[in-house]
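Summary of structural features
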Amino acid sequence: MLVKMARLTLGQPSRKGRCAIDPLTIAAAVAATKTLVKSARGVQEIVHGLDGVFQAQDEHKKNKDHQAGSSIGAKNKSILQKRAKDDGGDDSISAAAAAVIEQKQLDQQISDLKDEINRKWPSARGEKSTWDQILAEREKRIADKKERAKQAKIDAEERAKRRKAILIEVAKGLAVAAIAGGIAWFLWWAATHGPAVR
């Protein structure tokens, strides 16, 4: 049931395939993952929740020029706008302050999740913390995925070059065959119906 709840709150892609990620979604993902951590027996049971948190965090970082994402962010921005007495545009002090506060709140939520995971699964002295091991493994997998994509692109380019070379050679062969056929036809025509026969 908790996994189902986590899946519902983790900013699943819409029909268009894009996630509408806002700070509220990240907060929900963190809260759902914390709930999973409390009842989980192993890290495998919280993997989906962590994936949702990381995906939401990455999407939020990609969208740096976002509007205040949640109703809380919008409320903070409007309060700051009134106090700063500015127009609330993208380059105003209230917009900048709202973005910084929003980021700090998100960072705090992620830090709380990190502490919860490290408390639940402590590491031996001298080892990286569980959270750091999770991040290192994630980075390794992301790098592997990028490497596989890069290799697949190189392989596709090589296949395209080979196909192009084969097509060129086939075209050359067809051209030679057409020319030879034309010469043979002309010689046959000349031998049977040409001016030398009359």
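This section reports on the structure supplied with the text. (Residues numbered from 1 in each chain as written. Predicted model: local features only at pLDDT ≥ 70, side-chain atom pairs only at ≥ 80, totals over all residues. Heavy atoms only, no water.)

1. Notes on the packing of helix α5 (residues 93–120) against helix α6 (residues 130–193)
The interhelical angle for the contact between α5 and α6, taken along N-to-C directions, is 110°, at an axis separation of 8 Å. As judged from the angle between their axes, α5 and α6 are roughly perpendicular. Counted together, I110, L113, K114, I117 and N118 of α5 and T130, W131 and I134 of α6 form the full contact between these two elements. For the contact of α5 with α6, a count of residues per class yields five nonpolar, two polar and one charged. (Axes fitted to C-alpha atoms, helices over the stretch in contact; angles between N-to-C directions. Helix = DSSP H or I, 4+ residues; strand = E, 2+ residues; numbered from the N terminus. Parallel < 35°, antiparallel > 145°, perpendicular 65-115°, else oblique. Contact = heavy atoms within 4.5 Å. Nonpolar A, V, L, I, M, F, W, Y, C, P; charged D, E, K, R; others polar.)

2. Some words on the packing of aromatic side chains
For the structure shown, the criterion picks out two aromatic pairs. Judged by centre distance (5.7 Å) and plane angle (50°), the ring pair of F54 and W131 falls under tilted. A residue pair is termed long-range when its members are at least 10 positions apart, and F54 in helix α3 (residues 47–62) and W131 in helix α6 qualify at 77 residues. Against the face of W121 rests K120, its NZ or CZ located 6.0 Å from the ring centre. (Phe/Tyr/Trp six-rings, centres within 6.5 Å; stacked < 30°, edge-to-face > 60°. Lys NZ or Arg CZ within 6 Å of the ring centre and 35° of its normal.)

3. Quick word on α5
Residue pairs three or four apart in sequence face the same way in an α-helix, which turns once every 3.6 residues. Taking 1.5 Å per residue as the helical rise, α5 with its 28 residues ought to reach 40 Å, and the 41 Å between its terminal C-alpha atoms agrees with that figure. Within α5, the full set of buried residues consists of S94, A95, A98, E102, L106, I110, L113, E116 and I117. (Expected span 1.5 Å × (residues − 1). Buried < 20%, exposed > 50% of the residue type's maximum accessible area, 1.4 Å probe, protein only.)

4. Focus: the packing of α3 against α5
A pair of packed helices is characterised by two quantities: the angle between their axes and the separation of those axes. Contact pair α3 / α5: the axes reach a minimum separation of 12 Å and the direction vectors enclose 160°. With respect to α5, the element α3 is oriented roughly antiparallel. Seen from above, α3 lies across α5 with left-handed handedness. Of the residues in α5, those in contact with L50, V53, Q57 and H60 of α3 are E102, Q103, L106, I110, L113 and I117. (Left-handed = near helix turned anticlockwise from the far one by under 90°.)

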